[in-house]
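Topology and contacts: notes
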Amino acid sequence: MHDQYLQAMGITRWVKRELDPVSVDDETVEVKEEIAAPKPIESNEVELSVVQTPESHQADNLAWPELIEQVKTCVACDLHATRTQTVFGEGSQQADWLIVGDAPGTDEDIQGKPFLGKGGQLLTAMVEAMGLKWEHVYITNSLKCRPPESRDPNEEEIAACHVFLKRQIELLQPKVILAVGRVAAHNLLESNEPMKVMRGTEFTYKDTGIPVVVTYHPAYLLRAPSNKAKAWQDLKMAMRIVAGESA
Ligand code: SF4
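Okay, so let's go over this structure. The structure presented is a predicted model; accordingly, all values stated were derived computationally and were not measured. (Residues numbered from 1 in each chain as written. Predicted model: local features only at pLDDT ≥ 70, side-chain atom pairs only at ≥ 80, totals over all residues.)

We now examine the overall build of the protein. For the protein, the helix and strand inventory stands at 9 helices and 6 strands. For the protein, the proportion of its 247 residues judged to be buried stands at 44%. At a minimum sequence separation of 6, the contacts of the protein that also span at least 24 residues come to 68%. (Helix = DSSP H or I, 4+ residues; strand = E, 2+ residues; numbered from the N terminus. Buried ≥ 20, exposed ≤ 12 C-beta atoms within 10 Å, placed from the backbone. Contact = placed C-beta atoms within 7 Å.)

Next up, the structure:
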């Protein structure tokens, strides 16, 4: 099964000798349809009657259940008017890895879960290719509501929603944040640099000291599969950081 995920990432597995099983590099294959979607991990949701408005918009000191509810009822930017539901994120609240995308798409908006469809399948391949299990990972987006027509979120929307991502990071204290895609990278790094500049460098999230690694969004990799090899280099860099090796 692990070979299948490596293959989906465009990585050729070859065996040098018996005790040296894997070397990766290489080119591309398409995502396998049969790759399983991420296993949903239930959040500890509670019923609270708190409504976020632009005026009361904050998330400092909230625990997971209150934060989940704050997001669910948030109307702090215009995206609340067109969403079907918010997409908070899912995964282990003790995860070492935080993967941050840009914003929910159509399927995510309908189902309330991040990284669905073929992009989610490729993200699964990326996670499995690294040898991670889903209990090691938390996935979310920079924006918790879908922008209409899946347009790019604007600066005001990103800024309004950042309090929630910031609080997720504070609660999670991951060993690494993987920013997948331009919107996530710009949001986390407060940068407007192009991807080619942001990739390949270990950053930190604000003054937390938490490492940030930038890579391509799986949806982009589906459109440009020749970049999967570059993405794999990014993932290996993140793996070295988590292992305590120099990036
Ligand atoms: S995108 Fe974020 S800030 Fe805007 S309404 Fe949704 S949860 Fe609130």
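Taken together, the 6 strands give an open sheet; going across it, the order is β1-β3-β2-β4-β6-β5, and neighbouring strands pair in mixed fashion. Since the sheet does not close on itself, it has two edges, and those belong to β1 (90-91) and β5 (203-204), each with one partner. Across 5 bridges, the pairing between strand β2 (residues 97-101) and strand β3 (residues 137-141) is parallel. The residue bridging G101 from the neighbouring strand is N141, located in β3. With respect to the sheet, helix α6 (residues 182-189) is in contact with β2, β4 (176-180), β5 and β6 (211-215), its orientation differing from that of β4 by roughly 135 degrees. (Pairing = 2+ DSSP bridges. Axes fitted to C-alpha atoms, helices over the stretch in contact; angles between N-to-C directions.)

A word on the pairing of β6. Burial within β6 is extensive, with 4 of its 5 residues counted as buried. Relative to β6, β4 is paired through 4 bridges, and the arrangement is parallel. In the sheet register, L178 faces β6, and the bridge partner there is V213. Counted between consecutive antiparallel strands, the loop separating β5 from β6 contains 6 residues, among which K206 sits at a positive phi close to 45 degrees.

Its place among the elements puts K230 in helix α9 (residues 228-242). Judged by C-beta crowding, with 18 C-beta atoms within 10 Å, K230 ranks as partly exposed. Between the C-alpha atoms of K230 and G200, which are 30 residues apart in sequence, the distance is 9.2 Å.

By size, the foremost hydrophobic cluster in this structure holds 61 residues, and its most contacted members are L98, V100, M126, I177, L178 and A179. For this core, the element with the highest residue contribution is helix α5 (residues 155-172), accounting for 8 residues. (Core = buried A, V, L, I, M, F, W, Y, C linked by C-beta atoms within 7 Å.)

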